[in-house]
Every structure is written in C-alpha cells, then in structure tokens.
Amino acid sequence: MAGRIDARLAELGIELPRPAAPIANYVPYNLTGNLVVISGQVPMDDGRIAITGKVGMSVSVDEGRRAARICFINLLAQLREALDGDLDRVTKVVRLGGFIASPAEFTQHAAVMNGASDLAVEVFGDAGRHARTTIGVPSLPGDAAAEVEGIFEIA
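Note that the coordinates shown come from a computational prediction; the quantities given were computed from them, not determined experimentally. (Residues numbered from 1 in each chain as written. Predicted model: local features only at pLDDT ≥ 70, side-chain atom pairs only at ≥ 80, totals over all residues. Heavy atoms only, no water.)

Student: What is the right way to read the packing of aromatic side chains from this model?
Tutor: Counted under the stated rule, the structure contains one aromatic pair. Pairing F72 with F152 gives two aromatic rings, centres 6.4 Å apart and planes at 45 degrees, and the pair type is tilted. One end of the pair, F72, is in helix α2 (residues 61–82); the other, F152, is in strand β7 (residues 146–154), and 80 residues separate them in sequence. We note that F72, like F152, is buried. (Phe/Tyr/Trp six-rings, centres within 6.5 Å; stacked < 30°, edge-to-face > 60°. Helix = DSSP H or I, 4+ residues; strand = E, 2+ residues; numbered from the N terminus. Buried < 20%, exposed > 50% of the residue type's maximum accessible area, 1.4 Å probe, protein only.)

In structure tokens, the structure reads:
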C-alpha cells in the first residue's frame with residue numbers, strides 16, 4: 001500500500017526517478033540524528049540535464065522555475081532512497097538551498113527557486129514550508145540552469 005506522500009505524488013502526476021549517482025567524491029545524502037541532508041541535485045530527466053544555460057539569457061524565468069521543480073523531484077528521489085522508500089517519515093522540510101545559473105545583472109532568483117519551494121508545499125503541506133537561501137552563480141555542473149540542495153527532518 002502506498003504511503004500518504006506517495007499518494008500525493010501520484011495525485012500531482014509525479015513519478016520519482018531512480019536517484020542519480022554522484023559524479024564526484026561525495027555521497028548523495030547523509031543521515032544524522034533526525035535530519036537527512038541531500039546533496040545538490042540538478043534538473044536531471046531521463047539521464048540527462050533537461051534544462052541547461054543561464055536563466056535570464058538563454059533560459060526564461062519560467063524554464064528556470066521548471067528546472068528548480070525538477071531539482072526538487074530529484075531531491076525527493078534521493079530522500080526516498082535514504083529512507084528505504086518511506087517518505088511518510090518526513091516531518092518537515094527544514095531548508096532548501098538554490099543555485100541559479102545566471103548573469104550578474106539577473107535579479108529574479110527567488111521567482112526561479114519558487115519552482116522547488118512551491119512543490120515542497122504541494123507535496124508536504126505545511127510541513128513543506130522551509131527556510132531558504134537562493135543565490136545566482138556563473139555556472140553549474142553540466143551547464144545546469146539550477147541546482148537545489150535540502151535538509152529534511154524525519155521521524
């Protein structure tokens with residue numbers, strides 16, 4: 001029987017992908033006490049980075065928002081792996097960190113990161129409301145348009 005969060009994902013039409021393997025010398029997640037820290041995830045879809053380039057140049061704000069949403073879906077895939085498949089153990093999305101590839105004059109980082117933040121609340125309800133940092137960066141691995149990391153409280 002699917003759990004509450006799996007049912008919510010199905011309602012939203014979201015199927016979590018297989019978690020991506022690390023591309024360097026790090027682990028995809030760390031459990032410590034009642035927290036799970038998930039390494040930054042890029043907008044991987046079907047084994048490739050779905051949205052590349054700089055937001056505000058070759059990538060629109062809407063496409064950047066979609067990239068951040070895909071990043072959060074990939075965070076959930078890593079989280080499910082960390083929790084042996086039981087996303088119902090999540091009691092709170094504590095913090096999300098967003099990195100938006102953009103030129104120096106770009107200022108709409110928050111609107112882009114809302115792609116991840118809005119989905120956190122759609123999936124977890126009030127438990128999805130989180131602290132957040134969003135910054136612009138000149139480049140990201142694989143020319144990804146966005147990267148999102150997260151900290152989750154678990155029971």
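Student: I tried to follow the pattern of salt bridges on my own but got confused; where do I start?
Tutor: Pairing between side chains of opposite charge can happen when the charged atoms of each approach one another. Under the criterion given, the structure shown has seven salt bridges. When the shortest N-O distance is used, the salt bridge between D126 and R129 registers 3.3 Å. (Salt bridge = Lys/Arg side-chain N within 4 Å of Asp/Glu carboxyl O.)

Student: Got a minute to help me understand the nonpolar core in this structure?
Tutor: The nonpolar side chains of a soluble globular protein tend to be buried, and buried together. If you look at the biggest cluster of nonpolar residues, it comprises 40 residues, and the most contacted ones within it are F72, L79 and L96. Breaking this core down by element, the ones donating at least two residues are α1 (4–11), β2 (35–41), α2, β5 (90–101), α3 (109–124) and β7. Ranked by residues supplied to this core, first place goes to α2 with twelve residues. Grouped together as the second largest cluster of nonpolar side chains are six residues, V42, A101, V137 and A144 included. (Core = buried A, V, L, I, M, F, W, Y, C linked by side-chain atoms within 4.5 Å.)

Student: Even after reading the chapter, I still don't get α2, so can you show me in this structure?
Tutor: Between the first and last C-alpha of α2 there are 31 Å, a value that for 22 residues agrees with the 32 Å anticipated at 1.5 Å per step. With its phi angle positive at about 50 degrees, D84 sits one or two positions after the end of α2. (Expected span 1.5 Å × (residues − 1).)

Student: It is not clear to me how the sheet that holds β5 should be interpreted in this structure. Could you clarify?
Tutor: To summarise the sheet geometry, strands pair through backbone hydrogen bonds and adopt either a parallel or an antiparallel arrangement. The strand order β1-β2-β7-β5-β6 describes an open sheet built from five strands, whose pairing is mixed. Each edge of the sheet is formed by a strand with only one pairing partner; in this case those strands are β1 (29–32) and β6 (131–137). Shown here is a sheet whose adjacent strand axes are inclined to one another by a mean of 15 degrees, direction ignored. The strands that α3 touches are β5, β6 and β7; relative to β5, the one it contacts most, it runs at about 160 degrees. (Pairing = 2+ DSSP bridges. Axes fitted to C-alpha atoms, helices over the stretch in contact; angles between N-to-C directions. Contact = heavy atoms within 4.5 Å.)

Student: Is there a simple way to explain the environment of E147 in this structure?
Tutor: For E147, the location among the structural elements is in strand β7. E147 sits in the buried class, given a relative accessible area of 16%. Taking C-alpha positions, E147 is 8.5 Å from A101, a pair spaced 46 residues apart along the chain. Discounting residues that sit within four places of it in the chain, E147 has contacts with G40, Q41, V42, C71, G97, G98, F99, L140 and P141.

Student: Explanation requested: the pairing of β6 in the structure shown.
Tutor: Sheet faces and side chains relate simply in a regular strand, where the side chains alternate between the two faces. Relative to β6, β5 runs parallel, the two being bridged by seven bridges. Residue pairing for β6: R95 is matched across the bridge by A131. In this region the chain leaves β5, passes through α3 and returns to the parallel neighbour β6; the handedness of that crossover is right-handed. (Right-handed = clockwise from strand over helix to strand, strands pointing away.)

Student: Is there a simple way to explain the packing of α2 against α3 in this structure?
Tutor: The geometry of a pair of packed helices is captured by two quantities: the angle between their axes and the separation between those axes. Interaxial distance between α2 and α3 falls to 7 Å at its minimum, and their mutual angle equals 40 degrees. The pairing of α2 with α3 is recorded here as oblique in orientation. α2 and α3 meet at a crossing whose hand is right-handed. Contact residues: α2 offers V61, G64, R65, A68, R69, F72, I73 and L76, while α3 offers A111, V112, M113, N114, G115, A116, L119, A120, E122, V123 and F124. When its residues are assigned to classes, the contact of α2 with α3 shows 13 nonpolar, three polar and three charged. (Parallel < 35°, antiparallel > 145°, perpendicular 65-115°, else oblique. Left-handed = near helix turned anticlockwise from the far one by under 90°. Nonpolar A, V, L, I, M, F, W, Y, C, P; charged D, E, K, R; others polar.)

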